[in-house]
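Spelled out, the chains give:
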Amino acid sequence: MARIGVFVCHCGTNIAGVVNIQKVVEAVQLLPGVVYVADERYTCSDVGQTSITQAIKEHQLNRLVVAACSPRMHEATFRQAVARAGLNPYLLEIANIREQCSWVHSKEKEEATEKAIELIKMAVAKVSRDEPLFPRKVGLTKRALVIGGGIAGIQAALDIASAGIETVLVEREPTIGGRMAQLDKTFPTLDCSSCILTPKMVEASHHPNIRLMTYSEVKAVRGFVGNFEVDILKRARKVDESKCTSCGICWQKCPEKVPAEFDRELGKRSAIYLSFPQAVPNKPVIDLPHCRYIKFQEWQKNPQGKKPMECRICEKLCPPQAVDWSQQDEMVTEKFGAIVVATGFQTFDPTGYGEYGYGRYPDVITGLEMERMLSASGPTGGEVRRPSDGEHPKTVVFISCVGSRDEKVGRPYCSKICCMYMAKQSIMLKEHDPEIQSYIFYIDIRAAGKGYEEFSRRAQEEAGTLYLRGRISQIYRQGGKLMVMGEDSLIGRQVEIAADLVVLAAGVEPATGAKELAQTLHISYDQYGFMNEAHPKLKPVETNTDGIYLAGACVSPKDIPDAVANGGAAAAKAMGLLSQESLVTDPMVASVDPMKCISCFMCQEVCPFHAVDKQKLRDGREVAVINESLCKGCGLCVASCRPGAINLRGFTNQQLLEEVTSLWR
Amino acid sequence: MAVDAEPRIVGFLCNWCSYAGADLAGTSRMAYPPNIRIIRVPCSGRVDPLFVAKCFEQGVDGVLVAGCHPGDCHYVQGNYFARRRFNLMGRFLDYLGIEKERLRLEWVSASEGKRFATAVSDFTQALKKLGPRTNPT
Amino acid sequence: MANRAFAYYPGCSLHHGVAKEYDVSSRLTCRALGVELREIEGWTCCGATSVHLSSRLLAAALPARNLALVGKMGLPMALACAMCFSRHRYALHEMEDASMREKVAGALGDGVPADVEVRHLLQILDGVDIKASRSLDGLKVACYYGCLLVRPLEVTGFDDEENPQAMDRLLASVGAQPLDWGLKTACCGAGMGLPRQDMVLRLTGRILRQAVAEGADCLAVACPMCHYNLDSYQKAIGGGLNLPVLYFTQLLGLALGFSPHELRLDKHLVDTGPLLRSRGLV
């Protein structure tokens, strides 16, 4: 026999100012099953919660309705209050008479009162069908996986590992370090990027709780929070890391030279190569499609065209004989309790902007290419040279927002870092050669950050960089110069600058493969491919899939301090999860009545979380069964179940139909 | 039975987007007609056509089903199922002799309080124009 | 390419004299290439530079009148003048809006079929198999497209608004050596020659000097207005400029074996004789 208690909240005047509480109380008292009705000024206050627990005890209430603000606000609060009185916390329903009644019908007090009564009527009807629910406990694997070895991923791995949790850091490139390793200096302090990054890279590789898996990719993810099973593809380096001493003879002697990806193809590398001198692990890798011996082997299998040299120079010259042709790609399966995704970003490809002539004119380069040129370990040894003729440029024009804030190329967002890196590069250019004059064409100068505004002023005042507010209409070659035609919108005139070098501040976009990885992980992403956080303000590093966290620029454009802070935050969330002995699952999930199941498995087809399994009964029938750890409680299967065998706890068909039919009883 | 000029509406709102959007309309004090009674569901894909049928059987004038925008579903694809399901449901209503305009599907995100308020106002207006239900319930 | 027929719209400039040589050379080359140009009977002015500044409806209705005639012919439309091309494409673009289409139909007293195809000669000839009777033999041509052929891309449907290639491809196919230069689509000043001659001199001067600096033997154009500006102001610009400016159809005609007289090469202000003689094209 249901003994329902109803609390009607005044919420100060928020509700009571519109809804006639007295009338509501009188009407609710007459509802079937209601044995106790009270009104409170602030039900969520200590006093209010205490009256709830007292009322439950005094009046032996076994179900409760609170008519107050939105359940999104205080459902959890009132569940705790109910639990304190010894009642199952799921025997509670909220009638939303503030957000969805008093606040939107303030001019129609009578109708609002009427509506409040009906909303409570519905909640009473629903609660009468509520059943006690019990969260379950499941065990968890105390290991973490970090995907992506850029600065955000390194930071996350270090923080998790320092809490004593075993961590695997997976990176698809042969070395960790990410974009930050490609930078020369960092704004606004002009710290040398390698000098602050490489110690962290080394720390990560030496940390007793971190295992690096470079040249590796996540291929499949199964399981659920606390119990993920991940397939990782370890690509063959063809170099035995335990034997290699990184002496360098192999990559010096390798005869095959190809454009170096790490140097943005401004320089060359050999087919066996180390991405950059400080790479971690500091072991070379053989780029198979370019290796002459591999080509030779292919020719042997299918002799067509000229016979290539057998080569094998690296193998012959390697003192510890570390070159190992027998190494093969290998799929390993590992178990983890938490996953941090830190796949970072890549820069926008500006060839789509025909007017800038990137790809047509070699002296139109991107910011990251400039970064490689400025770097002392870069392809030009730190000297700034025009790619076309190797001359030192004297006039350099920067163009901002290339692939940012531009609807036309499908990139309407701000890339956040470009304003600052243009200022930085103009300062660095002046330091390299005092005769260089830099011009920056900008839309707005976005310098929000500690020391950022001062830094961009420094570019103007100390480095003499000229900032021109306007866009560029066209760049064309005249003689050896690049004619940059644009507009200075502050003086309302056209300007034309004869530049030696043009730097396009190419914007930030998600790394290639980020979307596919998001699909593998069953997490959502936006139209650009940036991964979605669970809440943009309050859950910035969580995803909608429990146990998977996000760090760094895979979420949105971020600078280094943001990415580092983000890595730490994601680590803290993972640590919080992994510090528990077991996990409590939400009981509001689907369940199957095997007696009603007709084995059509429509539920399996519609389930977005692969939470429906097949189970063989003793009579040989195969029926659907819900994996409660995977089920998120959406109810898709319930609505599509033809025989009505599935129900969703907390939102059962009976509860919802009771709500509907209560209205006009 | 007296003729009731004010249409009665039941709204099934998904917990993550539309219910939150309705809450936002409240927090932003965007007034809309008090004709709607909201039922919270986890996802628009949870709404069984039976619920809608039951509403009409009870004499409801209109049913609103609201979920996240296509592509934004908290459960990845629940709203796509809802869209297909209620497009079909519309045809079924025609068959039953209930104007299919009495069932509306709307996409309202958690940040679209205004959109929710407008949707309810429009729907209420449209139902008023349509007049009270004529078919037996 | 087998015989293909088009409803040909010469437009006022090509019909009334200023660009008669463009009209003549277009008809000659097209005929030689198996492209049949059937002049639209009763065509009228497209509105050119002035009408779209004063009335949006009229700017759509004037070309729409011609489009309706083309519709009756049941052929795709061919234009040589870049301005006329632009105006007709704009009219189609405007009429994608149903209410505009209705208004235009009201003004004309007759509707325009929705499927009229409007193409420039360059788009028609691009990719046509050409059997040249003589090669242009490495003639360094700076192909100049101007504004109206290429911009805006969603209206004109040309190949590339920043670095168009149709004319380059066409002339390269008859042995010319088109230059990769930067001012292919820079504005020549258009109709501002009377009110702001200084500006036109500055803009045309820039284009001509750049073409000379890149080593051009001549400039190829596809617009009567561009031709007028680039050909006739060279003396006024000064600096010893003497760069022949030809319609692309004239260059094509030379390769197809037509004589300078047939192609009306004598109508240009900058003498094309010395260049043609030096290349053995006469």
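What counts and what doesn't
Once a new chain begins, its residue numbering starts again from 1 and follows that chain's sequence as written. By the order in which they are written, chains take letters starting at A while ligands take numbers starting at 1. Per-residue local features are limited, in this predicted model, to residues with pLDDT of at least 70; the limit for side-chain atom pairs, both in listing and counting, is 80 or more; totals at the level of whole chains, interfaces and linings are taken over all residues. As a rule here, side-chain values come from all non-hydrogen atoms in the structure, and water together with hydrogens is ignored. Residue contacts are defined here by distance: any two heavy atoms, one from each residue, within 4.5 Å place the two residues in contact. We define buried area as the total accessible area lost by two parts upon association, computed with a 1.4 Å probe and summed across both. In what follows, salt bridge is the name for a side-chain nitrogen of Lys or Arg lying within 4 Å of a carboxyl oxygen of Asp or Glu. Definition of a polar contact: a pair of N or O atoms within 3.5 Å, with one able to donate and the other able to accept a hydrogen when the atoms are protein atoms, and with sequence-neighbouring residues admitted only if both atoms are side-chain atoms. Secondary structure elements are taken from DSSP: a helix is a run of H or I of four residues or more, a strand is a run of E of two residues or more, and numbering for both begins at the N terminus. Here the bounds of each domain stem from an automatic or database domain assignment. Asp, Glu, Lys and Arg are counted as charged, while Ala, Val, Leu, Ile, Met, Phe, Trp, Tyr, Cys and Pro are counted as nonpolar; the rest, among them Gly, fall into the polar class. Here, axes are lines fitted to C-alpha atoms. For helices the fit covers the stretch in contact, and angles between N-to-C directions go from 0 to 180 degrees. Oblique is the label for any angle not under 35 degrees, not over 145, and not in the 65 to 115 range, which are roughly parallel, roughly antiparallel and roughly perpendicular in turn. Left-handed describes a crossing whose near helix is turned anticlockwise from the far helix through less than a right angle; right-handed describes the clockwise counterpart. Strand pairing follows a simple DSSP-based rule, namely that at least 2 bridges must link the two strands.

The next thing to look at is the arrangement of the chains. Ranking by contact count across two pairs of chains in contact places chains A and B at the top. Taking C-alpha atoms as the reference, chain B and chain C come no closer than 25 Å and do not contact one another.

Taken residue by residue, the interface counts 43 residues in chain B and 41 residues in chain A. Where chain B abuts chain A, roughly 3700 Å² becomes buried across the two surfaces, and 63% of that area is made up of carbon and sulfur atoms. By the criterion of area lost to chain A, the three top residues of chain B are B:Arg37, B:Arg40 and B:Arg46, representing 19% of everything that side buries. Counting the contacts that link chain B with chain A gives two salt bridges. As a salt-bridge pair, B:Arg37 and A:Glu118 come within 2.5 Å of each other at their nearest N and O atoms. Linking chain B with chain A are eleven residue pairs in polar contact (both at pLDDT 80 or more). Looking at the side of chain B that touches chain A, the elements with two or more residues in it are β1 (9–14), α1 (18–27), β2 (36–41), α2 (49–57) and α3 (78–96) of chain B.

For the rest of this paragraph, the subject is the domain arrangement of chain A. All names here are of chain A. Domain annotation for chain A reports domain 1 (4–127), domain 2 (135–235 + 329–344 + 512–580), domain 3 (249–317), domain 4 (348–509) and domain 5 (590–649). Using C-alpha coordinates to define each centre, domain 2 is positioned 30 Å away from domain 3. Contacts between the two partners involve 13 residues from domain 2 and, on the opposite side, twelve residues from domain 3. Roughly 960 Å² of surface becomes buried between domain 2 and domain 3 when both sides are summed, with 68% attributable to carbon and sulfur atoms. When the buried surface of domain 2 facing domain 3 is broken down by residue, Pro174, Thr175 and Gln182 rank first, second and third, together holding 46% of it. Where domain 2 meets domain 3, there are zero salt bridges. Viewed at the interface, domain 3 and domain 2 are joined by three residue pairs in polar contact (both at pLDDT 80 or more). Here the side of domain 2 that touches domain 3 takes five residues from helix α7 (residues 193–206), the largest share from any one element. Broken down by class, the residue content of the side of domain 2 that touches domain 3 amounts to seven nonpolar, six polar and no charged.

This paragraph deals with the packing of helix α12 (residues 418–432) of chain A against helix α13 (residues 452–461) of chain A. All names here are of chain A. It is the contact of α12 with α13, at a shortest axis distance of 9 Å, that shows an interaxial angle of 40 degrees. Judged on the interaxial angle alone, α13 and α12 are oblique. In this structure, α12 meets α13 at a crossing whose hand is left-handed. The segment α12 lies against α13, with Met420, Ala423, Lys424, Ser426, Ile427 and Glu431 engaging Tyr452, Phe455, Ser456, Arg458 and Ala459. Looking at the contact of α12 with α13 residue by residue, the classes come out as six nonpolar, two polar and three charged.

To continue, consider the sheet that holds strand β4 (residues 103–107) of chain B. Residue and element names in this part refer to chain B. The strand order across the open sheet formed by four strands is β2-β1-β3-β4, and the pairing between neighbours is parallel. Each edge of the open sheet is held by one strand with a lone partner, namely β2 and β4. In this sheet, adjacent strand axes meet at a mean angle of 20 degrees when their direction is disregarded. Of the pairings in the sheet, the one linking strand β3 (residues 62–67) to β4 comprises five bridges and is parallel in character. In the strand pairing of β4, Val63 is matched with Leu103. Against the sheet, α1 touches β1, β2 and β3, its axis set at about 115 degrees to β1.

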